[in-house]
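Residue strings, one per chain:
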Amino acid sequence: MRRTGGIFVGSFLIVGAVQAVTGFIPTVPSVASAIPKKAETKQESYEFTGTSAPIKSGSLPEKRWEELVNKWGNKCKTLTPALLAAQLEQESAGFDRDVVEGRRHSPAMAKGIAQFIDSTWATEGLDANGDGKRNQFDPEDAIPSDATFDCKLAKGLKGIPGPTWKNMLAGYNAGGFRVQQYNGVPPCSFARCETYKYVQMIEQKTRKYER
C-alpha cells in the first residue's frame, strides 16, 4: 500500500504515509492481504548479502522487467536488483497479473506492480520510458519509480539505527516518519506487525533472486 512520498526537512520526513492522514487500516493494508495466500513453508534463516549483481536470469515473469530491475536496482548503494525484485514480488502479490495491470487494487487503492496510491504517484511517479505519460500500471514507469522512491527514503533515513535497507523498506510500507518515530523498523506492536513482517518477507524473498 503506497503512501504519500513526504517531504524531508533536513533528515526529518514531515509527511510520509496515508496512515498518518487517514489512519492505518490494519486488516486490509495492501493488495497482498486481500488475496488468498498459499500456505507458506518455514524458510531457512537468510542474511541479506547486498550484492549489486544482476538477478538470476529468468527469475521474473517478463524479461523486460528483469532488465529494468537490473538497471534500477542499482539506483543507489542501499538498493540492489535482488532486493528490488523481492519488493516488487511482495507488493504485487507474487506478480499477479490482475494487480500489475490494474484490474485489482488494494482496499486502500494502491495500484500496479509497485502499489503506489494516486497521491504518492502524483509526486513520485516517473515517465521513465519517455512516452509522455506517467502510468502506474506500466512497469516501465512503476519499477523505476519504486527504485527512485526507495533511494529517496534511504537517503532521508540515513543515520537511523539499524540496516539502512531495512529502514528503507519499512519507510516504503509505513512512511518514513514512522521509521523515525520508532528509530528503526516499527515493532510488531505497530500496525499488527504488518511493517515488521513486510521487511522480513522481502528479506526472505531476496535470496531466490541472488546469483
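A few points on the structure. Predicted model only: the values in this text are computed from it and were never measured.

### Topic: the overall build of the chain
Right, on to step 1. Counting its regular elements, the chain contains 10 helices and two strands.
Right, on to step 2. Counting helices and strands in the order they occur from the N terminus, the chain gives β-β-α-α-α-α-α-α-α-α-α-α.
Right, on to step 3. Residues counted as buried form 50% of the 211 residues belonging to the chain.
Right, on to step 4. For the chain, the exposed area adds up to about 9,800 Å²; of that, 52% sits on carbon and sulfur atoms.

### Let's talk about unusual backbone geometry
Right, on to step 1. Positive phi, close to 65°, is recorded for M109, a residue that is not glycine.
Right, on to step 2. As for its placement among the helices and strands, M109 is situated in the loop between α5 (97–100) and α6 (118–124).
Right, on to step 3. At Q115, a position not held by glycine, the phi torsion is positive, near 55°.

### Considering the state of the cysteines
Right, on to step 1. Counting across every chain of the model gives two disulfides.
Right, on to step 2. Each sulfur in the disulfide pair C76 and C151 lies 2.1 Å from the other. On the S-S bond that ties C76 to C151, the torsion sits near -85°, and the link is left-handed. Residue C76 is located in the loop between α3 (63–72) and α4 (81–91), and its partner C151 is located in helix α7 (residues 139–156); the two are separated by 75 residues in the primary sequence.
Right, on to step 3. Since its relative accessible area comes to 11%, C151 is described here as buried.

### Quick look at the packing of α7 against helix α8 (residues 164–174)
Right, on to step 1. Where α7 contacts α8, the axes come no closer than 9 Å and their chain directions differ by 115°. In the packing of α7 onto α8, the handedness of the crossing is right-handed. Only T164, M168, G171 and Y172 of α8 make contact with α7, whose side of the interface consists of D146, F149, D150, L153 and A154.
Right, on to step 2. By residue class, the composition of the contact of α7 with α8 is five nonpolar, two polar and two charged.

### Points about the packing of aromatic side chains
Right, on to step 1. Scanning all chains against the criterion turns up six aromatic pairs.
Right, on to step 2. Ring centres of F116 and F149 lie 6.2 Å apart, and the angle between their planes is 40°; on these two criteria the pair is classed as tilted. With a gap of 33 residues between them, F116 in the loop between α5 and α6 and F149 in helix α7 connect regions that are remote in the sequence.
Right, on to step 3. Judged by relative accessible area, which is 1%, F116 ranks as buried.
Right, on to step 4. On the accessibility criterion, F149 (2% relative accessible area) is buried.
Right, on to step 5. Their ring planes at 55° and their centres at 5.6 Å tell us that Y182 and F190 sit as a pair that is tilted.
Right, on to step 6. Classification of Y182 by relative accessible area gives partly exposed; the value is 31%.
Right, on to step 7. For F190, a relative accessible area of 7% translates into the label buried.
Right, on to step 8. Put simply, the rings of F116, W121, F149 and Y172 pair up and form one aromatic cluster.

Rules and cut-offs
Residues numbered from 1 in each chain as written. Predicted model: local features only at pLDDT ≥ 70, side-chain atom pairs only at ≥ 80, totals over all residues. Heavy atoms only, no water. Helix = DSSP H or I, 4+ residues; strand = E, 2+ residues; numbered from the N terminus. Buried < 20%, exposed > 50% of the residue type's maximum accessible area, 1.4 Å probe, protein only. Areas by Shrake-Rupley, 256 points an atom, 1.4 Å probe, with all protein chains shown as cover. Disulfide = S-S within 2.5 Å. Axes fitted to C-alpha atoms, helices over the stretch in contact; angles between N-to-C directions. Left-handed = near helix turned anticlockwise from the far one by under 90°. Contact = heavy atoms within 4.5 Å. Nonpolar A, V, L, I, M, F, W, Y, C, P; charged D, E, K, R; others polar. Phe/Tyr/Trp six-rings, centres within 6.5 Å; stacked < 30°, edge-to-face > 60°.

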